[in-house]
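Remarks on the overall topology
Here is how the chains run, residue by residue.
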Amino acid sequence: MTTAAATTIKARQRPGDRIFSSATVISGSLILAVLAAVAIFLLVESLPAFVAGPADFSGDVTNFWSYVGPLVFGTVYSAILALLMAVPIAIGIALFISHFAPRKLAQGLGYLIDLLAAVPSVVFGLWGITVLAPLLQPFYTTLVDWFGWFLPFAGPVSGTGRTILTVSVVLAVMILPIVTAICREIFLQTPLLHEEAALALGATRWEMIRMAVLPFGLPGIISASMLGLGRALGETMAVAMVLSPSPDVFFQLLTSQNSNTIAANIALNFPEAHGVGVNILLATGLVLFIVTLLVNMLARVIINSRKAFSGAN
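Described in the following lines is the structure provided in the data block. (Residues numbered from 1 in each chain as written. Predicted model: local features only at pLDDT ≥ 70, side-chain atom pairs only at ≥ 80, totals over all residues. Heavy atoms only, no water.)

Turning to the packing of aromatic side chains, a few remarks are in order. One pass over the structure, following the stated rule, counts eleven aromatic pairs. For the pair Tyr77 and Phe251, a centre-to-centre distance of 6.4 Å together with 70 degrees between the ring planes defines the contact as edge-to-face. You can see Tyr77 sitting in helix 3 (residues 64–100) and its partner Phe251 sitting in the loop between strand 1 (245–246) and strand 2 (258–259), a full 174 residues away along the chain. Taking 6.5 Å as the distance between ring centres and 75 degrees as the angle between the ring planes, the aromatic pair formed by Trp146 and Phe147 counts as edge-to-face. We classify Trp146 as exposed; its relative accessible area is 61%. Since its relative accessible area comes to 33%, Phe147 is described here as partly exposed. Members of the aromatic cluster, each reached through a chain of ring pairs, are Trp146, Phe147, Trp149, Phe150 and Phe153. (Phe/Tyr/Trp six-rings, centres within 6.5 Å; stacked < 30°, edge-to-face > 60°. Helix = DSSP H or I, 4+ residues; strand = E, 2+ residues; numbered from the N terminus. Buried < 20%, exposed > 50% of the residue type's maximum accessible area, 1.4 Å probe, protein only.)

Here it is as structure tokens:
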């Protein structure tokens, strides 16, 4: 197409097309501008925390990095545990809804799963404290008796059940709807010809899913998992209500001493913070911002390496 022809076509655009095109460009640029503004704000407000001395921290903490290290560990630890529990269940539910359940049952289950996403974090926190923690505490005792030789299951077991494993279960339930919904939509986009070809060659339904559906939906599963991981990394109220935190690194999952998370630590300490303490909490928020950004970048790299195998991206 020549330059003159392109100019003619552009000149013939309807006013509505130009307005819509401009609106999309402005919307996309606005997202980047807001993201940059948040990053700059956090960076500027965090500078005093990076040079803060031992007197600005409580306990045995000597600098900012020794303060934020256990928080980063607890944040990533609980989120990964939640992801390991939620993703297999979400994939199973999505496959059942998309390829096994009758249409009416599938619609009902889809609505039910989506409703979980509308439950407030405070409700999940209350459920974790009043129902889940007492329910899991005897199970934790059994785990310590059987697998106490394995560091994550070493004792002594918590008497209240308010452990990082309980928090991970709560987070798994919270991220389950979004992971399930995305996986379900991706599985439904699998080309029908691929499924019919596999069945025509004599594959069973499970073999068809393994050969056609799962390879096609792998980038979508990764996207859903990373989105759920980002949700778990930033969860605040449920973690703050359920977890019994300590300012150290603990690999044990069932004891009463647990590493805190960044978001919960900010929520618990911000009302009483003043002076450099506010800057320290904002600096931990900057670290969480960077961790979440790195997770999304890693997910994009993985998806781009697999996009040739899927028509969903």
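Next comes the rest of the description.
Contact geometry for helix 7 (residues 192–200) and helix 8 (residues 205–234): axes closest at 9 Å, N-to-C directions at 135 degrees. Our classification of the angle between helix 7 and helix 8 gives oblique. By crossing handedness, the relation of helix 7 to helix 8 is classed as right-handed. The segment helix 7 lies against helix 8, with His194, Glu195, Ala198 and Leu199 engaging Arg205, Met208, Met211, Ala212 and Val213. (Axes fitted to C-alpha atoms, helices over the stretch in contact; angles between N-to-C directions. Parallel < 35°, antiparallel > 145°, perpendicular 65-115°, else oblique. Left-handed = near helix turned anticlockwise from the far one by under 90°. Contact = heavy atoms within 4.5 Å.)

Quick look at helix 3 now. In this model, helix 3 (37 residues) spans 52 Å end to end at C-alpha, consistent with the 54 Å of a helix rising 1.5 Å per residue. In helix 3, a bend of some 25 degrees at Ala86 exceeds every other bend along the element, and Pro88, a proline, comes one to four places later. The N-capping residue of helix 3, defined by a side-chain oxygen 3.1 Å from the backbone nitrogen of Trp65, is Asn63. (Expected span 1.5 Å × (residues − 1). Bend = angle between axes of the 7 residues up to and from the residue. Polar contact = N/O pair within 3.5 Å; in protein donor to acceptor, adjacent residues only side chain to side chain.)

In this section: the nonpolar core. Formed by 70 residues in total, the largest nonpolar core has its most connected members in Phe64, Cys183, Phe187, Leu253 and Leu254. Elements with a contribution of two residues or more to this core: helix 3, helix 5 (121–147), helix 6 (164–188), helix 8, helix 9 (237–242), helix 10 (262–269) and helix 11 (276–306). Residue contributions to this core peak at 16 residues, all from helix 3. If near-sequence neighbours (up to four positions away) are discounted, Leu253 is found in contact with Tyr77, Leu81, Pro152, Phe153, Thr163, Ile164, Leu165 and Asn258. (Core = buried A, V, L, I, M, F, W, Y, C linked by side-chain atoms within 4.5 Å.)

With that settled, the discussion passes to the environment of Val169. Within the element layout of this structure, Val169 appears in helix 6. Measuring from C-alpha to C-alpha, the distance between Val169 and Leu81 comes to 8.1 Å, with 88 residues separating the pair along the chain.

It is worth spelling out the environment of Gly159 at this point. Inspection of the secondary structure puts Gly159 in the loop between helix 5 and helix 6. For Gly159 and Leu71, which are 88 residues apart along the polypeptide, the C-alpha to C-alpha distance reads 23 Å.

The end-to-end C-alpha separation of helix 2 (residues 15–50) is 52 Å, in line with the 52 Å expected for 36 residues at 1.5 Å each. Among all positions of helix 2, only Leu42, Ser46 and Ala49 are buried.

Here the idea is simple: oppositely charged side chains can pair when their charged atoms come close. Summed over the entire model, instances satisfying the criterion amount to three salt bridges. Between Arg184 and Glu185 there is a salt bridge, and its shortest N-O distance comes to 3.4 Å. Classification of Glu185 by relative accessible area gives partly exposed; the value is 39%. The shortest N-O distance in the salt bridge between Glu235 and Arg231 comes to 2.5 Å. For Glu235, a relative accessible area of 4% gives the class buried. By relative accessible area, Arg231 is classed as partly exposed at 35%. Shared partners join several salt bridges into a network, and the residues in it are Asp114, Arg184 and Glu185. (Salt bridge = Lys/Arg side-chain N within 4 Å of Asp/Glu carboxyl O.)

Read these as layout, nothing more, since geometry by itself doesn't imply function.
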